[in-house]
Every structure is written in C-alpha cells, then in structure tokens.
Amino acid sequence: MIILPLTLFIILFSMMVSIVWYTLKTGISPMVSSKKARDTMLSCVDLPINEPIIDIGSGWGTLVVAVAKKHPTQRVIGYELSWLPWCFSLLRKKCLGLTNLTLYRANAFDADINSAGVLFCYLFPEAMEKLYHKLVMECSHQIIVVSNNFALPHIQAHSTVTLNDFYRTPVYTYYYEKKANG
Ligand SMILES: C[S@@+](CC[C@H](N)C(=O)[O-])C[C@H]1O[C@@H](n2cnc3c(N)ncnc32)[C@H](O)[C@@H]1O
C-alpha cells in the first residue's frame, strides 16, 4: 500500500534535487522569460534569418518553442544543462512537431556560436561576462545578442527596451562585431 506513495515521493524528491543541483551548478534556476519579455526579445530581431538562433540556457523551452512556432523556417537551437527542464522542452518540441528546433542537453559555453546569427539569453552577471569572452574569442562575424534582464559587460547596447512590468525589466540588444585589430 505504501509502495505507490513512496515511489511518487522518491520521484518528486529526485526531480526537486535535480533542479536544485543544476541551479547551483549553472548559477541560475530555470525560471522562464515572461510573455512580455519573450515578445520584446522576438521583436528585437527581424526573423527569419539564414543563420540559426541559439538560446544560451533554454530552460523549459518557453522561448525557443515560441520562436520555432512563430517562424517555422527559422532554425532554432537550445542548450540546457538541467535534465528536467531539458526533458520537458524536448516533450514540447515532439508534441508540437517542431522540426526546426534542436535541443541539446549540453553546456552552452561549449556551443559553436560562430555559426549563429542571434543569441538569446536570460542568465546572470557572471555568465554574461563569460559570454562576452566567448564572443571575443570565437566570433568572427556580426552577431546579435538579445539579453533579458542582464547586460553584456564592456559593450554598449544598440538598444534597451524597458518592460512595463513590476521590475521594469530591461531587454538589451547588442550588435557584436569583432574589431579589425582583434
Ligand atoms: C533563467 S533560465 C532561462 C530559460 C529560457 N531561456 C527563457 O528565457 O525562458 C536560464 C537557464 O539557463 C540554464 N543554463 C545556465 N548556464 C548554462 C550553461 N552553461 N549551459 C546550458 N544551460 C545553462 C539554466 O539551467 C537555466 O535553465
């Protein structure tokens, strides 16, 4: 009699532990971009484009699914380390039949960003610093970075939209291009 509730408890507990473990490991929980933030992030770029869009930390797939659904010809890639959100996003992709969406359970900082046209992110200050260095080291062409809430250091944003929400959340857009002298 106790087997079923115990099994359920163990499953739910393991799920919780997994979320907490990856939150500590990556430095951010898998919270989703709000609808306002998603809409604004999407309006910051003229889609579709030839190069893929990458979401650096795609979480439960909320943003990547919205982009892939709205632009069926646009290649969209999500990288996510946390198992549970990644499995959930994969399920969403399968249920919606989004063949233009690829979801990797991998470290986004190992991704080949040089082939991407746009990077979306909703991270935290230390990760934005890391992303800046990745851009400097790996990016040989112009790339657009759209960030929810956190600014890229060392670069002036091309535009900043302040959301009409409780936190007055900023959404930053950058046109990153390597300078000729490095
Ligand atoms: C705040 S959520 C954003 C989710 C989604 N991009 C959105 O806007 O709704 C940030 C996600 O990034 C993931 N993440 C952080 N660092 C990562 C890394 N190096 N590689 C892959 N995923 C990462 C976290 O696990 C978390 O799920």
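Note that this is a predicted model, so its numbers are computed, not measured.

Draft legend 1. Inspection of the packing of aromatic side chains at higher detail. Scanning the entire structure with this criterion turns up 6 aromatic pairs. Geometrically, the ring pair formed by Trp60 and Phe88 is edge-to-face, given 5.6 Å between the ring centres and 80° between the ring planes. Taken together, the residues span a long stretch of sequence, with Trp60 in the loop between β1 (53–56) and α3 (62–70) and Phe88 in helix α4 (residues 83–96) at a distance of 28 residues. Accessibility expressed as a relative area gives 24% for Trp60, which makes it partly exposed. The aromatic ring of Phe109 is capped on one face by Lys130, whose charged end is 4.7 Å from the ring centroid.

Draft legend 2. Examining the site of the ligand more closely. As a matter of local geometry, the ligand sits amid 20 residues, with Ser33, Gly57, Glu80, Asn107 and Ala108 nearest to it. Between the ligand and Asp55, the relevant distance is 2.9 Å, taken from a nitrogen atom to a side-chain nitrogen or oxygen of the residue. At 3.4 Å, a backbone N or O of Leu81 approaches a nitrogen atom of the ligand. Contact with the protein chains removes 97% of the 600 Å² of surface that the ligand exposes when unbound. Here the shell around the ligand is composed, by residue class, of 11 nonpolar, 7 polar and 2 charged.

Draft legend 3. View of the sheet that holds strand β7 (residues 170–176). A sheet is described by the order of its strands in space; here 7 strands give the open sequence β3-β2-β1-β4-β5-β7-β6, paired in mixed fashion. Where the open sheet ends on each side, the last strands, each with one partner, are β3 (101–104) and β6 (159–162). The mean angle between the axes of side-by-side strands here comes to 15°, regardless of whether they run parallel or antiparallel. Relative to β7, strand β5 (residues 143–148) is paired through 6 bridges, and the arrangement is antiparallel. Pairing of Ile143 across the sheet is with Tyr176, part of β7. Lying over the sheet, α3 contacts β1, β2 (76–79), β3 and β4 (118–121), oriented at roughly 170° with respect to β2.

Draft legend 4. Spotlight on the packing of helix α2 (residues 35–43) against α3. Packing of α2 against α3 brings their axes to within 11 Å, and their N-to-C directions diverge by 50°. One finds that α2 runs oblique with respect to α3. Once α2 is placed against α3, the crossing between them reads as right-handed. Between α2, through Arg38, Met41 and Leu42, and α3, the contact on the second element is made entirely by Thr62, Leu63, Ala66, Val67 and Lys70. Per-class residue counts for the contact of α2 with α3 are 5 nonpolar, 1 polar and 2 charged.

Conventions adopted
- Residues numbered from 1 in each chain as written.
- Predicted model: local features only at pLDDT ≥ 70, side-chain atom pairs only at ≥ 80, totals over all residues.
- Heavy atoms only, no water.
- Phe/Tyr/Trp six-rings, centres within 6.5 Å; stacked < 30°, edge-to-face > 60°.
- Helix = DSSP H or I, 4+ residues; strand = E, 2+ residues; numbered from the N terminus.
- Buried < 20%, exposed > 50% of the residue type's maximum accessible area, 1.4 Å probe, protein only.
- Lys NZ or Arg CZ within 6 Å of the ring centre and 35° of its normal.
- Near = heavy atom within 4 Å.
- Polar contact = N/O pair within 3.5 Å; in protein donor to acceptor, adjacent residues only side chain to side chain.
- Areas by Shrake-Rupley, 256 points an atom, 1.4 Å probe, with all protein chains shown as cover.
- Nonpolar A, V, L, I, M, F, W, Y, C, P; charged D, E, K, R; others polar.
- Pairing = 2+ DSSP bridges.
- Axes fitted to C-alpha atoms, helices over the stretch in contact; angles between N-to-C directions.
- Contact = heavy atoms within 4.5 Å.
- Parallel < 35°, antiparallel > 145°, perpendicular 65-115°, else oblique.
- Left-handed = near helix turned anticlockwise from the far one by under 90°.

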